[in-house]
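Each chain, written out:
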Amino acid sequence: MKEKIEQKAIELGFHKVSFQAAVPLTSWDNDIKVRQSLDPSTADYWESRGLTRDSSTIMPEAKTIIVAVYPYQPFNQFISQGQGRYSAHYQAYPKGREAMKALGTILADEGYEVVIDPPVPAKRLAYQSNLGEYGKNGLIYHPEFGSFIILHTIITNAKLEWEALKCDTMDTVEMSDCGNCRRCIDICPTQAIADDGVILISKCLRFHMGSSDIIPIDIREKIGNRMLGCEECQLVCPKNSKLLHSKESVEKCQEIYNIKAILASAKTGLKKLMNPIAQTVGNNYARPQRVLSMAVIVAGNSGNQSYVPLLAQTLQYPNEVVRAHSAWAIGKIDGEKAKTALIDAQSRESNLAVRKEIKLALELDC
């Protein structure tokens, strides 16, 4: 059975799979406590993710955890004007998940229970089973594919032949083999990587992307033209240097984040733009309000005057987060049309948070 799974995994695009006993991760609770103490403002983030150290809470009769490495090529960083940037990770993830489902059918067809991509700490499991080493940026680095990998997991009640594991008592710093290198720490746009390698979630761009809340101004400023994902720490990592010579072209996929098209469709037709986004990066990232909110921020960071009339329309959008970001974006772009749009909005806006953004934008515009 194990050999059959390994062979099928290669056919499905996985580089390697590991098999380990479904036993609790003794160090996971401490990992979370460290992160919560360093970044208390997002302490409840880990609870909301629902990750568990004990797979028996997901499947009472769990016996084996399968971890698979799905490699992908990073995108060429060139993006045409007016397009939002996104990481190749999000295009590869749905493909890897579908491949993992296909892998799980081998066990399901034999009558075993299978849970695909359960809420377990995949990176810690991958490290334990020798699939890669931790980097100081908290990512797992595979010897061949660097950090440009996606980890998928299966929990099953099939008892397969287990592999020898590394010790599950060390913290992330001790697990890193980066030595004195700190390029990822220094390049991070928001300094979200602590000196000890712990990611400060409250500062991480990715954490805020697609948020249902108003994104802090200092984070908006650093988002640039990113719609989804941030790879700065990976692009400067020496372990990834060879992989960056063969980047995948993003041209065929750029259309999913056409900023003007998204802004122009805010009142009518925004949902129809979600289909190509969902087909490329998955349904979870194709939520109209969140996509629009990010497009507004990207427009503001562009400084392009042609966005002002469209942002004046999103400044009237029903959702207050979109209106707040629109006020800031208009203020960033500046100009007479921008000032007029803000003054008009100020006269009709009742939401206190949005009024504050309008006031700040007018001060910025002066």
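Visitor: Give me the overall build of the protein: which residues, what numbers.
Guide: From N to C terminus, the protein includes 17 helices and 8 strands. The C-alpha radius of gyration computed for the protein amounts to 22 Å, which stays within 12% of the reference 21 Å derived for 366 residues, consistent with globular compactness. Projected onto its principal axes, the C-alpha coordinates of the protein cover approximately 70 × 40 × 40 Å. Here the protein holds 366 residues, and 50% of them are scored as buried. Within the protein, contacts between residues separated by at least 24 positions form 76% of all contacts whose residues are at least 6 apart in sequence. Counting only carbon and sulfur atoms, one obtains 50% of the accessible surface of the protein, whose full area is about 17100 Å². The centroid of the 43 positive side-chain charges in the protein is displaced by 5 Å from the centroid of its 42 negative side-chain charges.

Visitor: Go over the confidence of the model for the protein, please, and point to the residues and values.
Guide: Looking at the protein, the pLDDT average stands at 90 and 93% of residues meet or exceed 70. Looking across the protein, the model is least confident in helix H6 (residues 172–175), with a mean pLDDT of 55, and most confident in strand E4 (residues 114–116), with 98.

Visitor: Kindly report on the pairing of strand E7 (residues 149–156), identifying the contributing residues and their values.
Guide: With 8 of its 8 residues buried, E7 lies for the most part within the structure. By the alternation rule, side chains of E7 split into Ile149, Leu151, Thr153 and Ile155 and Ile150, His152, Ile154 and Thr156, which are all buried. Pairing between strand E2 (residues 64–71) and E7: 8 bridges, direction antiparallel. When the bridges of E7 are listed, Val69 appears paired with Leu151. With 3 bridges connecting them, E4 and E7 associate as antiparallel partners.

Visitor: Quick rundown of the layout of surface pockets? Include the residues and the values.
Guide: Over the atoms rolls a probe the size of a water molecule, and its path tells where empty space is left. Looking at the second largest pocket, its volume works out to about 160 Å³. Lining the second largest pocket, in full, are Trp28, Asp29, Ile32, Lys33, Gln36, Trp46, Glu47, Gly50 and Leu51. Of all the secondary structure elements, the ones that give two or more residues to the lining of the second largest pocket are helix H2 (28–38) and helix H3 (43–49). With 5 residues, the top contributor of residues to the lining of the second largest pocket is H2. Each residue belonging to the lining of the second largest pocket can be placed in one class, and the counts come to 4 nonpolar, 2 polar and 3 charged.

Visitor: I'd like to hear about the pairing of E2, residue by residue, with values.
Guide: Here E2 lies mainly inside the structure; 7 of its 8 residues are buried. Pairing of strand E1 (residues 16–21) with E2, which is carried by 6 bridges, proceeds in the antiparallel orientation. Paired with Val17 across the two strands is Ala68, which belongs to E2.

Visitor: How would you sum up empty space enclosed by the protein? Please name residues and give values.
Guide: Under the defined criterion, the tally for this structure stands at 2 cavities of 30 Å³ or more. Of the volumes computed, that of the second largest cavity is approximately 30 Å³. In terms of lining residues, the second largest cavity is bounded by Val23, Leu25, Thr52, Arg53, Ser55, Ile65, Val120, Pro121 and Leu125. Classifying every residue of the lining of the second largest cavity gives 6 nonpolar, 2 polar and 1 charged.

Visitor: If you had to explain the environment of Glu357 to someone new, which residues and values would you point to?
Guide: You can see Glu357 is positioned in helix H17 (residues 352–365). Classification of Glu357 by relative accessible area gives buried; the value is 9%. In sequence terms Glu357 and Ser326 are 31 residues apart; their C-alpha atoms lie 8.8 Å from each other. Excluding residues within four positions of it along the chain, Glu357 makes contact with Ile214, Ile217, Arg220, Ala324, Ala327 and Trp328. One polar contact links Glu357 to Arg220, side chain to side chain, over a distance of 2.6 Å.

Visitor: Summarise the sheet that holds E2; cite the residues concerned and give the values.
Guide: Spatial strand order, E1-E2-E7-E4: 4 strands in an open sheet with antiparallel pairing. With one partner strand each, in any of the chains shown, E1 and E4 form the two edges of the open sheet. In this sheet, adjacent strand axes meet at a mean angle of 20 degrees when their direction is disregarded. Of the strands in this sheet, E1 and E2 are in contact with helix H1 (residues 2–11), which crosses E1 at around 145 degrees. Of the strands in this sheet, E1, E2, E4 and E7 are in contact with helix H4 (residues 88–108), which crosses E7 at around 25 degrees.

Visitor: Tell me what's going on with the nonpolar core, and back it up with residues and numbers.
Guide: Where a protein is soluble and globular, its nonpolar side chains tend to be buried together. With 76 residues, the main nonpolar core has Ile66, Met227, Tyr257, Leu263, Leu292 and Leu311 as its most contacted residues. Those residues in contact with Leu292, other than ones at most four positions away along the chain, are Ile262, Leu263, Ala266, Leu270, Thr314, Tyr317 and Val322. Among the nonpolar cores identified, the runner-up in size contains 22 residues, and Ala22, Ala126, Phe145 and Leu151 belong to it.

Cut-offs and rules
- Residues numbered from 1 in each chain as written.
- Predicted model: local features only at pLDDT ≥ 70, side-chain atom pairs only at ≥ 80, totals over all residues.
- Heavy atoms only, no water.
- Helix = DSSP H or I, 4+ residues; strand = E, 2+ residues; numbered from the N terminus.
- Rg over C-alpha atoms; globule rule 2.2 N^0.38 Å.
- Buried < 20%, exposed > 50% of the residue type's maximum accessible area, 1.4 Å probe, protein only.
- Contact = heavy atoms within 4.5 Å.
- Areas by Shrake-Rupley, 256 points an atom, 1.4 Å probe, with all protein chains shown as cover.
- Lys, Arg positive; Asp, Glu negative; His and termini not counted.
- Charge placed at Lys NZ, Arg CZ, Asp CG, Glu CD.
- pLDDT = per-residue confidence, 0-100.
- Pairing = 2+ DSSP bridges.
- 1 Å grid on protein atoms, 1.4 Å probe; cavity = no way out; pocket = protein on both sides within 12 Å on 5 of 7 lines; lining within 4 Å.
- Points joined across faces, edges and corners; volume = space filled by probe spheres on them.
- Nonpolar A, V, L, I, M, F, W, Y, C, P; charged D, E, K, R; others polar.
- Polar contact = N/O pair within 3.5 Å; in protein donor to acceptor, adjacent residues only side chain to side chain.
- Axes fitted to C-alpha atoms, helices over the stretch in contact; angles between N-to-C directions.
- Core = buried A, V, L, I, M, F, W, Y, C linked by side-chain atoms within 4.5 Å.

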